[in-house]
Amino acid sequence: MTEVHKTLWTLISIWAVLWAGPALAQSANLDPAGSGVILGAVNWVQGTLLGAVATAVAVIAVAGCGFMMLTGRMNWRHGGMVILGCFILFGSAAIVGGIRSAAQGF
């Protein structure tokens, strides 16, 4: 390959990188037809998992595990897993938001 060919391929590569547009799959509609029912069901599950009932159950679970850990009836590791699970459950919206914002940077 001569120097002219190398220079030409370099210029073509630079041009392709600078003028690249978004892929067609990225500009597609994110909510296809008929997804309203599924979206409603998912919103109901989210409301149930993050609502007042879930908060009350989590408080009872943490209190029960804390009492059992203090009296020596439960391993500290298992009690910590219950508390970690509550943090993940109620912090899931923030976790997903962080992952989405990190992914949009790429």
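Computed from a predicted structure; not experimentally measured.

Topic: a nonpolar patch on the surface
Together, Trp44, Val45, Leu49, Leu50, Leu89 and Phe90 make up an exposed nonpolar region whose accessible area comes to about 540 Å². Of all elements in the fold, only helix H2 (36-50) and helix H4 (76-90) reach the threshold of two or more residues within the nonpolar patch. With four residues, H2 is the largest single contributor of residues to the nonpolar patch. With respect to the helices and strands, Val45 occurs in helix H2. The exposure class of Val45 is partly exposed, given its relative accessible area of 39%.

Considerations on the packing of H2 against helix H3 (residues 52-70)
Two numbers describe how H2 lies on H3: the axes approach to 4 Å, and their chain directions differ by 35 degrees. In this structure, H2 contributes Thr48, Leu49 and Leu50 to the contact, and H3 contributes Ala52, Ala54 and Thr55.

Some remarks on the state of the cysteines
Counted according to the given criterion, the structure contains zero disulfides. Distance from the sulfur of Cys65, which forms no disulfide, to the nearest cysteine sulfur (Cys86) is 8.1 Å. Assessed through its relative accessible area of 16%, Cys86 is described here as buried.

Quick notes on the confidence of the model for the chain
Chain-level pLDDT for the chain is 80 on average; 81% of the residues reach the 70-or-more range. Mean pLDDT across the elements of the chain bottoms out in helix H1 (residues 3-18) (70) and peaks in H3 (89).

Calculation criteria
- Residues numbered from 1 in each chain as written.
- Predicted model: local features only at pLDDT ≥ 70, side-chain atom pairs only at ≥ 80, totals over all residues.
- Heavy atoms only, no water.
- Patch = residues over 30% accessible without salt bridge, like charges linked within 9 Å, V, L, I, M, F, W, Y side chains within 5 Å.
- Areas by Shrake-Rupley, 256 points an atom, 1.4 Å probe, with all protein chains shown as cover.
- Salt bridge = Lys/Arg side-chain N within 4 Å of Asp/Glu carboxyl O.
- Helix = DSSP H or I, 4+ residues; strand = E, 2+ residues; numbered from the N terminus.
- Buried < 20%, exposed > 50% of the residue type's maximum accessible area, 1.4 Å probe, protein only.
- Axes fitted to C-alpha atoms, helices over the stretch in contact; angles between N-to-C directions.
- Contact = heavy atoms within 4.5 Å.
- Disulfide = S-S within 2.5 Å.
- pLDDT = per-residue confidence, 0-100.

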